Amino acid sequence: MSVRVLTVAQAAAWGQTLGLPRLDAQVLLLHALGRAPHDRAWLLTHGDDWLDDSVQATFANHAQRRLNTEPVSYITGQKEFFGLTLHVDKRVLDPRADTEILVEWALSCLADVPTPDLVDLGTGSGAIALALKHSRPDASVSAVDASADALAVASANAERLGLQVVFHYGSWLSPLETATFDAIVSNPPYVASDDAHLAALKHEPLSALASGPDGLDDIRVIVREATQHLKSGGWLLLEHGFDQAHAVQTLLANQGFVNVQSRPDLAGILRCTGGQWPKMK
Ligand code: GLN
């Protein structure tokens, strides 16, 4: 940006001429101003205010970071997920709004289950586990991650939000020994390791994104291990790639799951697939 001093309205417009979506420009400008991301009305009522040099420089720097594909949430340090404000950074996947569908699905499966036992595998920021605990305070919620960095982010979020989740370090269900659950929920890595799309996600941890040649390596492990950790009638619910619904349905059916079904994301793409461990006769 030139050294010319801009007004609030001019800075927001400048961000858009650089190529930022309007919402990103507004959220980054609010962040540079030290204001909450939802305070967009403030921008409209203060359009003619002049920016301080330091605010303008911070905004210019953050705009460039965003143009280099860094998630807005890493720049602002926070993300809204299922009504909770999570602290996030490059140690964890940027929580997506589409993943809220997995939370809603889990909650509907558990509607008639008193004090359910739940686990979120590959919890990252803690998004799914914390959303479940917030919506079902009577649930016992565990969360697993193979990244100590991710567990540090997730447990700090749990503490700040005052939500009790038990965190386990390890791979998928292996740290859970003989525990059994009413629902196992996961947004695991599912992108094929040679997928060109990964380049656009370069700021996020590769271990949270890529999973072997067809993107299904981790899902295969989870589906297999889940059979040892579900109560009778318990659900395994998984997020997966845009073209993996059929493959995940087949994996679940072959492993003995029943009521296998998929749910669409916000774009209408089948993005979550789950099944129920058979009820004992
Ligand atoms: N939904 C992310 C993407 O493709 C990937 C998240 C994941 O691998 N769990 O942009």
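*Asks:* Can you tell me about the side chain of lysine 133, naming the residues and giving the values?
*Replies:* Following the sequence through the fold, lysine 133 ends up in helix H7 (residues 127-135). No salt bridge is formed by the buried lysine 133, whose closest oppositely charged neighbour, aspartate 138, lies at an N-O distance of 7.0 Å. Each residue touching lysine 133, except ones within four places of it in the same chain, is listed here: Ala139, Val141, Leu163, Gln164 and Val165.

*Asks:* Which residues make up the packing of helix H6 (residues 100-109) against H7, and what are the values?
*Replies:* Direction vectors running N to C along H6 and H7 enclose 40 degrees, while the axes themselves pass 10 Å from each other. It follows that H6 is oblique to H7 by the angle criterion. Seen along the crossing, H6 lies across H7 with a hand that is right-handed. Only Ile128, Ala131, Leu132 and Ser135 of H7 make contact with H6, whose side of the interface consists of Leu102, Val103, Ala106 and Leu107. Tallied by class, residues from the contact of H6 with H7 come to seven nonpolar, one polar and no charged.

*Asks:* Describe unusual backbone geometry, listing the residues and the values that go with them.
*Replies:* Notably, phenylalanine 82 is not glycine yet its phi reads approximately 50 degrees, a positive angle. Checked against the element boundaries, phenylalanine 82 lands in the loop between strand S1 (78-81) and strand S2 (84-87). Even without being a glycine, asparagine 259 presents a positive backbone phi close to 50 degrees. You can see asparagine 259 is positioned in strand S8 (residues 258-264).

*Asks:* Help me get a handle on the environment of leucine 93, residues and values and all.
*Replies:* Tracing the chain through its elements places leucine 93 in the loop between S2 and H6. Given the relative accessible area of 17%, leucine 93 is considered buried. For the pair leucine 93 and cysteine 109, spaced 16 residues apart in sequence, the C-alpha to C-alpha distance is 25 Å.

Calculation notes
Position numbers for residues start from 1 in each chain and track the written sequence from start to end. Where totals are concerned, whole chains, interfaces and linings use all residues; where local detail is concerned, this predicted model gives features only for residues with pLDDT of at least 70, and gives and counts side-chain atom pairs only at 80 or more. Side-chain calculation: all heavy atoms of the structure are included, whereas hydrogens and water are not. The helix and strand labels rest on DSSP assignments: H or I over at least four residues marks a helix, E over at least two residues marks a strand, and numbering proceeds from the N terminus. Only protein chains enter the accessibility calculation, which uses a 1.4 Å probe; a residue is then buried when its area is under 20% of its type maximum, exposed when over 50%, and partly exposed in between. In this tally Asp and Glu are treated as negative and Lys and Arg as positive; neither His nor the chain ends contributes. The term salt bridge refers to a pairing of a side-chain nitrogen on Lys or Arg with a carboxyl oxygen on Asp or Glu at a separation within 4 Å. It only takes one pair of heavy atoms within 4.5 Å for two residues to be counted as in contact. Lines are fitted to the C-alpha atoms to define the axes, a helix being fitted only along its stretch in contact, and any angle between axes, read from their N-to-C directions, falls within 0 to 180 degrees. Throughout, the term roughly parallel applies to angles under 35 degrees, roughly antiparallel to angles over 145, roughly perpendicular to angles from 65 to 115, and oblique to all others. The handedness criterion is simple: a crossing whose near helix is rotated anticlockwise from the far helix by less than a right angle is left-handed, and one whose near helix is rotated clockwise is right-handed. Three classes are used: nonpolar for Ala, Val, Leu, Ile, Met, Phe, Trp, Tyr, Cys and Pro, charged for Asp, Glu, Lys and Arg, and polar for all others, with Gly counted as polar.

No statement about biological role is implied by the geometric values presented.
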